[in-house]
Amino acid sequence: MRRSLSVLLVICGSLGWFASPSAAQFDPPGNYYNSATGTGSTLKNQLRSIMSSGHIERSYGDFRFSAAITDRDPNNSSRILTVYDRSSVTNQWNPGGSLPWNREHVWPQSLQPGSASNSSRGNLGDPHSLRPAIPSINSNRGNDPFGLDNTTGNHRTNGSYYFPGDTDKGDIARSLFYSATRYTGLTLVEGQPGSNQMGDLSSLVAYHFLDPPDEFERRRNHAIYSSSLNPSYHTNNRNAYVDRPEYVWSVFVDQSNDSRITIDAFNNANGASSSNVSLGRVLTGAPVPSDQMVTIDKLGNDGTYYEVTTAGAATSTLSGRYNAMRTGGTDSEGFSVGLNTSTSTAGQRSGTVTINNLDVTTGGGAGRGANDGNDVFNVTLDVLDHATPSFMGSGVESSLTLDFGQVEQGTPVSELGFSLFNLESTLSFTAGLELDSISSTGDTAILTTDLTTFGEVNALEAGQSSDFTASIDTSSEGLFGATYTLNFSDEDLPGGMSLGSLSLELVGEVVAVAENADFNESGLVDALDLLTWQAGFGSGDSLANGDANSDQSVNGDDLAIWQTQYGTDPSAPASVQQVPEPSSLGVALIALLSTMSLRRK
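All chains use their own residue numbering, which begins from 1 and follows the written sequence. A pLDDT threshold of at least 70 governs which residues receive local features in this predicted model, and a stricter bar of 80 or more applies before side-chain atom pairs are shown or counted, although totals over entire chains, interfaces and linings include all residues. Hydrogens are left out, water is left out, and the side-chain values use all remaining heavy atoms of the structure.

### Side note on the overall build of the chain
Okay, step 1: The way it works is that DSSP assigns letters per residue, a run of H or I at least four long becomes a helix, a run of E at least two long becomes a strand, and they are numbered from the N terminus. A count of helical and extended segments in the chain gives 12 helices and 26 strands.
Okay, step 2: Using C-alpha atoms as the atom set, the radius of gyration is obtained and then compared with a globule rule of 2.2 Å times the number of residues to the power 0.38. The C-alpha atoms of the chain give a radius of gyration of 47 Å, which is well past the 25 Å a tight globule of 601 residues would have.
Okay, step 3: Projected onto the principal axes, the alpha-carbon positions of the chain cover approximately 155 × 50 × 40 Å.
Okay, step 4: Summary of the burial criterion: residues with accessible area below 20% of their type's maximum are buried, those above 50% are exposed, and those between are partly exposed, where the area comes from a 1.4 Å probe applied to protein chains only. Put simply, the chain has 601 residues, and 47% of those count as buried.
Okay, step 5: Put simply, 71% of the contacts in the chain that link residues at least 6 apart link residues at least 24 apart.
Okay, step 6: Surface exposure here means Shrake-Rupley accessible area, sampled with a 1.4 Å probe, where a residue is shielded only by the protein chains that are shown. As displayed, the chain has an accessible area near 26,100 Å², and 48% of this comes from carbon and sulfur atoms.
Okay, step 7: Think of it this way: Lys and Arg go in the positive column, Asp and Glu in the negative one, and His and the chain ends go nowhere. The atoms used to mark charge sites are NZ of Lys, CZ of Arg, CG of Asp and CD of Glu. One finds the centroid of the 32 positive side-chain charges in the chain at a distance of 32 Å from the centroid of its 66 negative side-chain charges. Contacts were defined at the residue level, with two residues in contact if any of their heavy atoms lie within 4.5 Å.

### With respect to the pairing of strand 13 (residues 304-312)
Okay, step 1: At least two bridges found by DSSP between two strands is the condition for calling them paired. When strand 13 meets strand 15 (residues 320-325), the two strands line up antiparallel, connected through 4 bridges. Residue Val308 lies in a different strand from strand 15, and its bridge partner there is Gly320.
Okay, step 2: Relative to strand 17 (residues 347-357), strand 13 runs antiparallel, the two sharing 7 bridges. The residue of strand 17 that forms the bridge with Val308 is Ile355.

### Describing the packing of aromatic side chains
Okay, step 1: Stacked, tilted and edge-to-face are the three classes applied to pairs of Phe, Tyr and Trp rings, where Trp contributes its six-membered ring and a pair requires centres within 6.5 Å; stacked means planes under 30 degrees apart, edge-to-face means over 60, and tilted covers the rest. If you walk through the whole model with that rule in mind, you get 18 aromatic pairs.
Okay, step 2: On the numbers, 6.3 Å between centres and 70 degrees between planes, the contact of Tyr33 with Tyr247 is edge-to-face. Of the two residues, Tyr33 is situated in the loop between helix 1 (2-19) and helix 2 (40-52) and Tyr247 in helix 9 (residues 247-252); the sequence distance between them amounts to 214 residues.
Okay, step 3: On the basis of relative accessibility, which here comes to 7%, the residue Tyr33 falls in the buried class.
Okay, step 4: By relative accessible area, Tyr247 is classed as buried at 7%.
Okay, step 5: Seen in terms of ring centroids, Phe163 and Tyr207 are 5.8 Å apart; in terms of plane orientation they differ by 70 degrees. Their pairing is edge-to-face. With Phe163 in strand 7 (residues 161-163) and Tyr207 in helix 6 (residues 201-210), this pair connects stretches of sequence that are 44 residues apart. Tyr207 shares its class with Phe163; the two are buried.
Okay, step 6: Each residue in the set Tyr32, Tyr33, Tyr225 and Tyr247 is aromatic and connected to the rest through ring pairs, giving one cluster.
Okay, step 7: Only when the NZ atom of a Lys or the CZ atom of an Arg is both within 6 Å of the ring centre and within 35 degrees of the ring normal do we say a charge sits over the ring. Taking NZ or CZ as reference, Arg103 lies 3.9 Å from the ring centre of Tyr60, over its face.
Okay, step 8: One cation-aromatic arrangement involves Arg182 over Tyr183; the distance from NZ or CZ to the ring centre is 4.6 Å.

### Some remarks on the sheet that holds strand 16 (residues 331-339)
Okay, step 1: Taken in spatial order, the 4 strands line up as 10-12-16-14 in an open sheet, and their pairing is antiparallel. Bordering the open sheet on either side are strand 10 (260-263) and strand 14 (314-316), each of which pairs with just one other strand. Each strand of the sheet is rotated relative to its neighbour by a mean of 35 degrees, with strand direction disregarded.
Okay, step 2: Here strand 14 runs beside strand 16; their pairing, made up of 3 bridges, is antiparallel. Following the sheet pairing, Thr315 is matched in strand 16 by Gly338. To define axes, lines are fitted to C-alpha atoms, for helices over the stretch in contact only, and angles between the resulting N-to-C directions are given on a 0 to 180 degree scale.

### Thoughts on the sheet that holds strand 25 (residues 478-490)
Okay, step 1: Taking strand neighbours across the sheet as the criterion, the 4 strands line up as 20-26-25-22 in an open arrangement whose pairing is mixed. Since the sheet does not close on itself, it has two edges, and those belong to strand 20 (399-408) and strand 22 (433-442), each with one partner. Sheet twist, expressed as the average angle between the axes of neighbouring strands with direction ignored, equals 20 degrees.

Right under this line is the structure:
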């Protein structure tokens with residue numbers, strides 16, 4: 001009855017632990033590894049001290065019941081996962097005399113001191129060194145060491161070695177690293193092991209970098225340690241190589257890790273690199289663009305663990321310190337970065353994703369191992385205000401009237417200038433303006449404009465203007481009017497929309513030409529004007545040359561006008577004009593004819 005109650009308490013206690021969704025709950029206490037400051041054998045001794053201090057050694061027999069907590073199936077609270085194949089089986093030990101699982105010594109009991117019994121403690125009873133296993137698989141593995149380096153796939157005998165399978169090969173390696181550190185007298189060796197030895201070391205190192213700690217392994221490590229999660233069987237110590245996998249190279253390989261993590265194979269002397277990742281430009285209210293794929297490379301032959309952290313609004317599909325690059329060659333990793341943000345207001349959104357090489361060795365040289373500088377992705381998104389079309393640069397003006405007034409018929413085409421503005425709502429973060437279409441009504445054959453649609457690469461930038469002209473054709477008399485409707489939208493970006501229209505109205509009157517023989521503009525048509533006409537006869541083309549009817553030609557028609565207007569001011573109202581005496585006009589004509597006769601002689 002006592003045993004049944006104990007098992008019930010263990011299972012009930014583990015329910016609360018298992019319900020928590022946060023992987024951070026499996027982290028060690030913040031100061032747990034504060035004294036692990038060295039490298040090599042110094043670091044190994046520091047870790048042995050950390051993992052031995054306060055260690056509550058449990059027995060081999062305890063594991064029959066503690067496995068229900070430590071190896072619990074995350075999808076079924078009444079089952080556990082077995083090693084090598086991760087089969088889900090009942091968590092009960094030997095129910096009804098049928099043994100669905102047994103206790104696997106990762107470090108075979110025949111290759112360590114003593115022999116296992118339910119009362120055995122030390123490494124023989126340490127839950128960090130034990131795993132539940134399917135009996136047939138346990139038997140098939142026997143006492144074989146683990147190998148070889150590049151083996152992949154499912155668990156199986158591999159010559160004189162045993163391959164633990166891709167899912168558990170890193171877990172097995174870290175269990176052996178723990179045993180070789182926590183317990184003096186146990187040693188990891190290359191090749192086939194002897195008494196109190198286990199191997200193959202190079203294979204275990206390779207497994208460690210190929211299969212980083214997953215959530216199941218981290219949860220298992222924490223459950224073995226924690227009194228709150230495992231009140232009856234907790235050990236109060238942790239596997240340092242699960243919590244801090246970066247220690248493995250220094251403790252079990254050498255102090256000259258040559259790894260360098262870099263972005264786009266870019267190399268600063270200190271190993272640092274950076275890359276700008278733009279998610280583009282969108283309008284306010286648009287969806288945040290999808291994440292972008294990025295790649296980091298590992299240069300050098302040695303494996304390493306790296307930490308991924310984010311700051312600002314940045315997101316990353318890789319995070320935390322349980323990321324690894326393989327040993328035995330270069331490596332790379334692709335993942336996605338983005339921004340967790342809103343587009344409700346204009347401005348730039350940004351964040352950083354930082355890659356930190358966690359290796360602790362310094363002998364690899366500048367920019368290698370612990371000397372490798374951080375690598376940073378700078379992620380940005382520009383959110384733009386909508387464009388604002390206007391006829392005025394200082395504020396919104398949605399309509400404009402251009403009046404040509406009265407224009408004499410036959411004169412050169414008259415032009416008036418005007419401008420279109422894209423008002424800048426938010427400095428540096430306002431969309432470009434596109435003129436999508438122009439519709440018109442009225443006398444558009446007489447009143448015209450050089451307006452044309454524009455957009456895409458020719459969109460009008462915020463704070464800028466474009467100049468245009470309107471014209472009136474003077475070939476026909478009349479009162480004319482035309483209206484041009486200009487339809488605008490934002491530049492072609494996500495969230496762009498129609499911006500309505502501006503109205504341009506053109507008006508003008510073409511009137512008959514006013515005849516004027518006052519060629520010298522003295523206010524009186526007299527003999528001097530006749531002399532001007534005479535001088536310009538046949539070659540002149542303006543009023544100053546004797547062109548009275550503005551037809552750009554000085555001829556007899558202009559003389560007839562001079563005769564009609566002689567003695568008057570053409571610009572004065574008709575009511576104040578004085579008609580000259582016929583004799584005066586005759587005298588002037590005689591004088592002119594005499595002059596012309598003398599010139600011919």
